[in-house]
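# Descriptive analysis of the structure
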Amino acid sequence: MEEKNRTMIEEGRRVLEKLQSRQHEAYFVGGFVRDFVLERPVKDVDIATSAKPEEVMEAFSKTVPTGLQHGTVTVLTGAYSFEVTTFRKETEYEGFRRPAEVEYITDLEEDLKRRDFTMNAMAMDVEGNLIDPFGGRSDMDRGVLRCVGEAAERFGEDALRMLRCIRFAAEYGLEIEEATWQALLRQAPLLRHIAMERVRAELQRMVGGADPARAAGLLLASGLWRHAKTPLALPFAAWGHPHAQAVIAHLSSIPAEEDRWAVLLLLIGSQQLEAVRAELRALTFPGEDIARLTRILAVHAHLQRGDAEDAAVRPRPEAQAQASAEERAAAGFKLAVLSHGKEAARGWLRAAGLLRTAWRQQAGAGAASPAGTGRTGQYGTLLGKSAQSGLAVAQGESDCLEASRAGAQRPEQDAQPSAKHGQPSQAVPRLASGRYEASGGLSTDEEMHTSADKACLEELFSFMTEEANVYLENGEPWIRVMPVYSVKDLAVGGSDLMAQSGQKAGPWIGETLNRLLERVALGQLENILEILMTEAFRPTEMRDE
């Protein structure tokens with residue numbers, strides 16, 4: 001155990017002892033106990049007590065009333081903070097998310113009974129003795145994730161628990177118990193009541209977690225993504241295509257969560273930049289994150305569509321015509337760097353590198369179909385039979401663009417839970433095989449849309465395994481040798497141009513500086529003030545001489 005964890009736990013024990021010295025019961029609870037039992041690093045320590053909130057605040061000199069309406073007080077001691085919550089019972093929930101009323105009680109077991117999963121419904125006393133009335137330890141030993149009591153009730157109380165179910169199953173490598181899985185499928189429409197920022201937080205934890213591939217597979221199999229409060233337009237079902245599965249299976253090899261998102265978004269939105277931006281906004285991603293991710297996708301779109309190569313012929317057409325294919329590719333890549341930034345270009349190199357590596361391995365293993373073997377193949381039935389048929393072959397780039405336009409026009413799903421919704425399979429979702437039956441078939445419109453999505457994915461596959469090679473093999477060296485990356489790096493500025501010309505500021509300054517920037521970045525001009533000033537005011541008909 002790390003020293004930091006050991007110190008935090010010791011401080012937590014002092015909190016328990018202080019409460020006990022005042023004749024109150026106090027225990028470690030929740031995620032801390034779960035991770036402590038599993039010998040995993042702990043991030044925080046939660047405490048449950050029979051003491052009322054006011055009694056907790058009386059017992060400690062430094063407290064913060066962080067959630068008095070729910071009986072929670074944060075105790076500050078040493079370098080750590082501990083959330084201390086009074087034993088409680090929650091009789092009713094409102095909005096399928098929050099308890100309408102909280103009743104303080106004195107029974108630990110009754111308090112544990114209200115929690116979501118058995119693995120989170122354990123407690124531990126100050127001496128390290130485990131209190132486990134619902135068999136959480138046994139479930140973890142068996143590799144099973146199970147709700148406390150009736151799963152349908154737990155999900156009906158708080159619909160966010162369905163996403164937490166998927167996250168915990170992936171993070172801890174657990175099999176979802178059959179009754180819990182079936183209840184999740186039936187209650188999936190309730191997710192519409194959950195704020196998008198809560199949904200986004202769970203998705204981020206899945207993507208940044210220990211097994212994002214399994215999280216993505218379970219998410220698809222559950223159909224939960226169809227029931228977000230704000231309708232999501234991107235073709236998430238395309239993650240079930242074998243090409244996408246081969247990539248997603250390798251996601252955990254990427255350390256940074258942002259790079260994992262870039263890969264996932266490339267798979268379903270490589271030519272749908274505005275749709276990606278709108279989707280990230282709908283999911284309440286911070287503006288900086290949206291900007292970084294969309295810049296990475298913009299680099300890709302720039303390269304795949306060939307815009308960069310077309311732009312590269314502008315400065316010196318006759319010289320460009322004589323250039324080799326690699327020189328034209330270098331010019332195109334550098335112009336993409338100028339347009340979207342070197343960090344975005346490097347992000348694209350990392351994401352595209354994973355796609356190419358995964359697809360080369362897929363080709364080498366002969367895993368081109370859903371029936372493939374190994375880790376790639378085990379996700380082949382995630383979407384169920386009708387979803388796989390929805391990934392029928394489609395043709396042409398026009399289908400990709402049409403899919404982008406049509407995505408936001410999908411009909412909304414029924415928001416009320418129904419046992420018949422999606423006609424969930426009775427199959428038990430087994431961890432050993434990784435095969436989960438999906439929550440139902442696709443409508444005709446969705447099948448057509450998914451067919452177009454497959455065409456987009458296959459275009460991406462073709463680009464990444466063929467044309468992109470020159471960028472992936474040379475991109476980083478090209479970035480390093482560039483003399484400038486933005487107009488700020490030029491030896492000339494707007495004030496120099498105005499002083500020389502006598503003209504007032506206006507759009508012409510930006511246009512001139514960007515033209516000079518391209519020429520310098522491509523090695524056609526030296527970044528010297530006198531040279532740039534001469535070029536800036538050279539007559540148009542003489543600029544390419």
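One structure accompanies this document, and this report is about it. Model, not experiment: these values are computed from the prediction.

Spatially, 7 strands are ordered 3-4-5-2-1-10-11 in an open sheet, and the strand pairing comes out mixed. Edge positions in the sheet fall to strand 3 (63–67) and strand 11 (130–131), since each of these pairs with one other strand and no more. With 6 bridges joining them, strand 4 (residues 72–77) and strand 5 (residues 80–86) adopt antiparallel strand pairing. Paired with Thr-72 across the two strands is Thr-85, which belongs to strand 5. On top of the sheet, helix 1 (residues 3–21) reaches strand 1 (26–29), strand 2 (46–49), strand 4 and strand 5; it is set at about 40 degrees to strand 5, its chief contact.

Quick look at the packing of helix 24 (residues 494–501) against helix 25 (residues 507–521) now. A pair of packed helices can be characterised by two numbers: the angle between their axes and the separation between those axes. Contact pair helix 24 / helix 25: the axes reach a minimum separation of 10 Å and the direction vectors enclose 115 degrees. As judged from the angle between their axes, helix 24 and helix 25 are roughly perpendicular. As for how helix 24 packs across helix 25, the hand of that crossing is right-handed. Residues Gly-494, Leu-497, Met-498 and Ser-501 of helix 24 touch helix 25, and the partners they reach there are Trp-508, Ile-509, Thr-512 and Leu-513.

Relative to the assigned elements, Arg-346 resides in helix 18 (residues 342–365). At 2.9 Å, the side chain of Arg-346 forms a polar contact with the side chain of Glu-476. Among all residues touching Arg-346, those that are not within four sequence positions of it are Glu-476, Ile-479 and Arg-480.

How two aromatic rings sit relative to each other is given by the distance of their centres and the angle of their planes. A full pass over the atoms with the stated rule returns 12 aromatic pairs. Here the aromatic rings of Trp-348 and Tyr-471 are separated by 6.4 Å at their centres, their planes lie at 75 degrees, and the arrangement is edge-to-face. One end of the pair, Trp-348, is in helix 18; the other, Tyr-471, is in helix 23 (residues 469–481), with 123 residues separating them in the sequence. Look at Trp-348 and you get buried, because its relative accessible area is 0%. Members of the aromatic cluster, joined through ring pairs, are Phe-333, Trp-348, Tyr-471 and Trp-478. Its end group placed over the ring of Phe-168, Arg-167 keeps NZ or CZ at 4.9 Å from the ring centre.

All chains considered together, the criterion is met by 28 salt bridges. Between Arg-40 and Asp-35 there is a salt bridge, and its shortest N-O distance comes to 3.9 Å. In this structure, Asp-289 engages Arg-292 in a salt bridge whose closest nitrogen and oxygen atoms are separated by 2.4 Å. Taken together, the residues Asp-289 and Arg-292, both in helix 14 (residues 287–304) and 3 residues apart, mark about one turn of the helix. Since its relative accessible area comes to 17%, Asp-289 is described here as buried.

A water-sized probe, rolled over the atoms, reveals where empty space remains. Looking at the largest pocket, its volume works out to about 1,800 Å³. Only helix 2 (31–37), strand 2, strand 3, strand 5, strand 6 (88–90), strand 8 (98–99), helix 7 (160–172) and helix 9 (196–207) provide two or more residues apiece to the lining of the largest pocket. Among the elements that take part in the lining of the largest pocket, helix 7 stands out by supplying 7 residues, more than any other.

A few words on the state of the cysteines. All chains considered together, the criterion is met by 0 disulfides. Just so you know, Cys-147 is unpaired, no disulfide at all, and the nearest cysteine sulfur is the one on Cys-165, 6.2 Å from it.

Below, the discussion takes up unusual backbone geometry. Here the phi dihedral of Gln-23 falls at roughly 70 degrees; this positive angle occurs in a residue that is not glycine. With respect to the element layout, Gln-23 can be found in the loop between helix 1 and strand 1. On the accessibility criterion, Gln-23 (71% relative accessible area) is exposed. One non-glycine residue, Thr-284, lies in the positive phi region at around 60 degrees. Looking at the secondary structure, you find Thr-284 in the loop between helix 13 (273–282) and helix 14. For Thr-284, a relative accessible area of 27% translates into the label partly exposed.

Per the stated rule, a full pass over the model turns up 6 cavities of 30 Å³ or more. If you add up the space inside the largest cavity, you get close to 200 Å³. Along the wall of the largest cavity there are 19 residues; nearest its centre are Leu-203, Leu-219, Phe-236, Trp-239 and Trp-261. Counting residues per element, the ones that place at least two in the lining of the largest cavity are helix 9, helix 10 (212–222) and helix 12 (257–269). Within the lining of the largest cavity, the residues separate by chemical class into 19 nonpolar, no polar and no charged.

A few words on the nonpolar core. Leu-267, Phe-333 and Trp-348 are the most contacted members of the largest nonpolar core, which totals 143 residues. Considering each element in turn, this core owes the most residues, 10 residues, to helix 18. Here Trp-348 is in contact with Ile-296, Val-299, His-300, Leu-303, Phe-333, Gly-353, Phe-463, Met-464, Ala-468, Tyr-471 and Leu-472, once residues within four sequence places are set aside. Counting 11 residues, the second largest nonpolar core, distinct from the first, contains Tyr-27, Val-29, Phe-87 and Ala-123.

Now for the pairing of strand 4. Burial analysis of strand 4 places 5 of its 6 residues in the buried class, which makes it a mostly covered element. Pairing of strand 3 with strand 4, which is carried by 3 bridges, proceeds in the antiparallel orientation. Bridge assignment links Val-64 to a residue of strand 4, and that residue is Thr-74. Between the end of strand 3 and the start of strand 4, which pair antiparallel, lie 4 residues, with Gly-71 showing a positive phi angle near 80 degrees.

Cut-offs and rules
Residues numbered from 1 in each chain as written. Predicted model: local features only at pLDDT ≥ 70, side-chain atom pairs only at ≥ 80, totals over all residues. Heavy atoms only, no water. Pairing = 2+ DSSP bridges. Helix = DSSP H or I, 4+ residues; strand = E, 2+ residues; numbered from the N terminus. Contact = heavy atoms within 4.5 Å. Axes fitted to C-alpha atoms, helices over the stretch in contact; angles between N-to-C directions. Parallel < 35°, antiparallel > 145°, perpendicular 65-115°, else oblique. Left-handed = near helix turned anticlockwise from the far one by under 90°. Polar contact = N/O pair within 3.5 Å; in protein donor to acceptor, adjacent residues only side chain to side chain. Phe/Tyr/Trp six-rings, centres within 6.5 Å; stacked < 30°, edge-to-face > 60°. Buried < 20%, exposed > 50% of the residue type's maximum accessible area, 1.4 Å probe, protein only. Lys NZ or Arg CZ within 6 Å of the ring centre and 35° of its normal. Salt bridge = Lys/Arg side-chain N within 4 Å of Asp/Glu carboxyl O. 1 Å grid on protein atoms, 1.4 Å probe; cavity = no way out; pocket = protein on both sides within 12 Å on 5 of 7 lines; lining within 4 Å. Points joined across faces, edges and corners; volume = space filled by probe spheres on them. Disulfide = S-S within 2.5 Å. Nonpolar A, V, L, I, M, F, W, Y, C, P; charged D, E, K, R; others polar. Core = buried A, V, L, I, M, F, W, Y, C linked by side-chain atoms within 4.5 Å.

Nothing here speaks to function; it is geometry throughout.
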